[in-house]
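One-letter residues, chain by chain:
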Number of protein chains: 2
Amino acid sequence: MLVEGRHFLPQADPRALGHKALAVNLSDLAAMGAAPRWALLALALPAADEAWLADFSAGLFALADRYGMELIGGDTTRSPLRTICITAIGEVPAGVALFRAGARAGDDIWVSGELGGAALALLRPQIEAVAARLHEPEPRVELGERLRGLAHAAIDVSDGLAGDLGHILERSQVGAVVHYPQVPRPRAFEELGDPQLEKDCVLSGGDDYELVFTAAPERRPEVASLSAELRLPLSRIGTIQAGEPRLVVLDAGGKPIDYRRGYDHFAPA
Amino acid sequence: MLVEGRHFLPQADPRALGHKALAVNLSDLAAMGAAPRWALLALALPAADEAWLADFSAGLFALADRYGMELIGGDTTRSPLRTICITAIGEVPAGVALFRAGARAGDDIWVSGELGGAALALLRPQIEAVAARLHEPEPRVELGERLRGLAHAAIDVSDGLAGDLGHILERSQVGAVVHYPQVPRPRAFEELGDPQLEKDCVLSGGDDYELVFTAAPERRPEVASLSAELRLPLSRIGTIQAGEPRLVVLDAGGKPIDYRRGYDHFAPA
């Protein structure tokens, strides 16, 4: 559910918003290895603004059409705050859906694309190189489907790497070590020269909608071929370990570093 | 999608609200003859109010459990206005789902229960006899399932009889005559003695969540048995006619009467 003033600004580009509202749902399907099929859209608006609706719909349907999704229901109503609630339904063959609970000690931890760009775009709207990461994220649908039978556990990064990987650790009852320098991030951070901001964005920034997954080390060649085939970087950032569900992040010298857990929807604003 | 200040008051009883938020979705499933199976709940709240959440959940799950529904997903987030969006998913055997488009000239028009009570409760909150109609409506789930193969067309009355029956007429490309005195309504209207208010509530009031359906006249005995079996009044209120998709409402003397079409979500408040 996306609420004006919280998830997007009143003046947000409606076409990008239509894309993003569906994309975040497709990202959840991708994280389970599901193929997107149907969507329902509930929309509350302050008034029936036809220009806004036309652009919003164009953005939403461009993405839906790419995956052959059908809009099969929903609701429209009025609210002083624009509110968008999409339910996406997908299909996955019995027995091969990906869950958070499957990670095993010894697994590699992988992440697609780059992390931290969306959070940086929120903090520094003038950096054009990362704006699309925030406003028009690309759900990793093809990757999710191809991870069936390959990944042991998967999740999408919506609330930040530390928090979302933390969900895998809790559900799988395992620990993890992540090597901070190996976490892929946009080049824009180099020019910025603000290590604290960079760390907050890369480890704890939300809204990137990349997939984090774990797989056995002997599958590395397959992951590499998949990366080449999909033309999507897949980076190995750490290892799953036996023990407490705790995430340790190490710097270049192998020293543990502090990090924020992630985004809390009900934390004081 | 239910929005605070529009669909319910800030001080609304959270238990009744949890019931109603799911009930309105079950009503849509019932109108298609579907058996409820799964639900997704997206909830936006100004703060994580545990007492409110406990009561809301109790109301929602009491109804979900009655039909063996599982809550399989959703979202929680923050918004200054409490906002509830439920997606309900049901099952119906192939080929027997009920639609708005199936009404045929000569069909009887039937309605379950009584109409106008919810609208009256909104206008006269002090009349206890109708308060539950507004705050804790009963979705006609069993009736909907039993209408498979019996009704030609069906819809639930969420925006008022005139408007919702109008949807059947438009989709089926037929007309209809409804006999106003035959439309069942709560006794509370008798004591009120306000014919204009009564007509507005009974013909154009929303939120009753009864089913309106059409069926061939030779099925009258079956409809009567079904009514007895379900202990639910089913009243024959008119006839589908060939021609323009227009609804004519007749008074006791057979004279056409004026009525409001129903509720427009984007009409000036």
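Residues numbered from 1 in each chain as written. Chains lettered and ligands numbered in written order. Predicted model: local features only at pLDDT ≥ 70, side-chain atom pairs only at ≥ 80, totals over all residues.

Our focus in this paragraph is the overall build of chain A. The secondary structure content of chain A amounts to nine helices and 10 strands. The C-alpha atoms of chain A give 19 Å as radius of gyration, which agrees with the globular expectation for 269 residues (18 Å, within 12%). When contacts within chain A are restricted to residue pairs at least 6 apart in sequence, those whose partners lie at least 24 apart make up 88%. (Helix = DSSP H or I, 4+ residues; strand = E, 2+ residues; numbered from the N terminus. Rg over C-alpha atoms; globule rule 2.2 N^0.38 Å. Contact = placed C-beta atoms within 7 Å.)

This next bit is on the packing of helix α1 (residues 14-30) of chain B against helix α2 (residues 50-66) of chain B. Residues and elements named next belong to chain B. At a minimum axis distance of 7 Å, the contact between α1 and α2 shows a crossing angle of 40°. The angle between α1 and α2 places the two elements in the oblique class. In this structure, α1 meets α2 at a crossing whose hand is right-handed. Here Pro14, Arg15, Ala16, Leu17, Gly18, His19, Ala21, Leu22 and Ala23 of α1 come into contact with α2, specifically with Trp52, Asp55, Phe56, Ser57, Ala58, Gly59, Leu60, Ala62, Leu63 and Ala64. Partitioning the contact of α1 with α2 into residue classes produces 13 nonpolar, four polar and two charged. (Axes fitted to C-alpha atoms, helices over the stretch in contact; angles between N-to-C directions. Parallel < 35°, antiparallel > 145°, perpendicular 65-115°, else oblique. Left-handed = near helix turned anticlockwise from the far one by under 90°. Nonpolar A, V, L, I, M, F, W, Y, C, P; charged D, E, K, R; others polar.)

Our focus in this paragraph is the interface of chain A and chain B. Contacts between chain A and chain B engage 19 residues on the former and 19 residues on the latter. Elements that contribute at least two residues to the side of chain A that touches chain B include exactly β2 (35-45), β3 (70-78) and β4 (83-91) of chain A. Sort the elements by how many residues they give to the side of chain A that touches chain B and β3(A) lands first, with four residues. Among the residues forming the side of chain A that touches chain B, the class breakdown is 10 nonpolar, six polar and three charged.

Residue and element names in this part refer to chain B. Ordered in space as β1-β4-β2-β3, the four strands form an open sheet in which the pairing is mixed. The open sheet is flanked by β1 (2-3) and β3 (70-78), the only strands paired with a single partner. Sheet topology note: the strand β2 (residues 35-45)/β3 ladder contains eight bridges and is parallel. Counted as the bridge partner of Trp38 is Glu70 from β3. In the packing of α1 onto the sheet, the strands contacted are β1, β2 and β4 (83-91), and the crossing angle to β4 comes to about 35°. (Pairing = 2+ DSSP bridges.)

Attention shifts here to the nonpolar core. Side chains that are nonpolar tend, in soluble globular proteins, to be buried together. Residues A:Ala154, A:Val212, B:Ala154 and B:Val212 are the most contacted members of the largest nonpolar core, which totals 158 residues. Per element, the largest residue contribution to this core is 10 residues, and it comes from helix α1 (residues 14-31) of chain A. Contacts of A:Ala154, omitting those with residues within four sequence positions, involve A:Ala31, A:Leu98, A:Leu147, A:Leu211, A:Val212 and A:Phe213. (Core = buried A, V, L, I, M, F, W, Y, C linked by C-beta atoms within 7 Å. Buried ≥ 20, exposed ≤ 12 C-beta atoms within 10 Å, placed from the backbone.)

This part takes up the sheet that holds strand β10 (residues 247-250) of chain A. Residues and elements named next belong to chain A. The mixed open sheet is built from six strands, whose spatial order is β6-β8-β5-β9-β7-β10. Whereas interior strands pair on both sides, the edge strands pair on one side only; in this sheet they are β6 (153-156) and β10. For this sheet, the mean angle separating the axes of adjacent strands, direction not counted, is 25°. Note that strand β7 (residues 175-179) and β10 share four bridges and pair parallel. Its bridge partner being in β10, Ala176 is matched across the sheet by Leu247. Where helix α6 (residues 161-172) meets the sheet, it contacts β6, β7, β8 (211-215) and β10, and its direction lies at approximately 150° from that of β6. Lying over the sheet, helix α9 (residues 220-230) contacts β5 (108-112), β8 and β9 (234-241), oriented at roughly 150° with respect to β9.

Interface size is commonly expressed as the accessible surface area that is lost when the partners come together. Residues and elements named next belong to chain A. Per the domain assignment, the segments making up chain A are domain 1 (2-91) and domain 2 (100-250). Computed over C-alpha atoms, the centres of domain 1 and domain 2 are 25 Å apart. Counting residues at the interface gives 16 residues for domain 1, matched by 17 residues for domain 2. If one sorts the elements of the side of domain 1 that touches domain 2 by residue count, α1 sits on top with 11 residues. Partitioned by chemical class, the residues of the side of domain 1 that touches domain 2 number 10 nonpolar, three polar and three charged. (Domains from an automatic or database assignment.)

Of all residues in chain A, 97% attain a pLDDT of 70 or more, and the chain-wide mean is 95. Under the prediction, the complex receives an ipTM of 0.84, its pTM being 0.88. (pLDDT = per-residue confidence, 0-100.)

Rotating chain A by 180° and moving it 0.0 Å along the rotation axis overlays it on chain B with an RMSD of 0.0 Å. Such a combination of rotation and displacement between the chain copies is what one expects of a two-fold axis. Taken as a fraction of all interface residues of chain A, those also at the interface in chain B reach 100%, which identifies the copy contact as same-surface. (Least-squares fit on C-alpha atoms with pLDDT ≥ 70 in both.)

With that settled, consider helix α4 (residues 128-135) of chain B. What α4(B) keeps buried is the set B:Val130, B:Arg133, B:Leu134 and B:His135. Residues of α4(B) that are buried sit in contact with α1, α3 (117-123) and α7 (188-192) of chain B.

Let's shift gears to the pairing of β8(A). All names here are of chain A. Where burial is concerned, most of β8 is hidden: five out of the five residues are buried. Side chains of β8 alternate between two faces, with Leu211, Phe213 and Ala215 and Val212 and Thr214 buried alike. Where β5 and β8 come together, four bridges link them in antiparallel fashion. The residue of β8 that forms the bridge with Val111 is Val212. Relative to β8, β6 is paired through four bridges, and the arrangement is antiparallel. From the neighbouring strand, Ala154 faces β8, where its bridge partner is Phe213.

By the element assignment, B:Glu244 lies in the loop between β9 (234-241) and β10 (247-250). Measuring from C-alpha to C-alpha, the distance between B:Glu244 and B:Ser225 comes to 33 Å, with 19 residues separating the pair along the chain.

This part is about the pairing of β2(A). Put simply, side chains in a regular strand alternate between the two faces of the sheet. Residues and elements named next belong to chain A. Where burial is concerned, most of β2 is hidden: eight out of the 11 residues are buried. Of the pairings in the sheet, the one linking β2 to β4 comprises nine bridges and is antiparallel in character. Bridging across to β4, Ala42 finds its partner in Cys85. Chirality of the crossover, the property in question, places the unit of β2, helix α2 (residues 50-66) and β3 among those that are right-handed. (Right-handed = clockwise from strand over helix to strand, strands pointing away.)

For the rest of this paragraph, the subject is unusual backbone geometry. All names here are of chain A. Its identity is not glycine, yet Tyr209 carries a phi of approximately 55°, on the positive side. With respect to the secondary-structure elements, Tyr209 resides in the loop between α8 (195-204) and β8. A tally of 24 C-beta atoms within 10 Å means that Tyr209 is categorised as buried.

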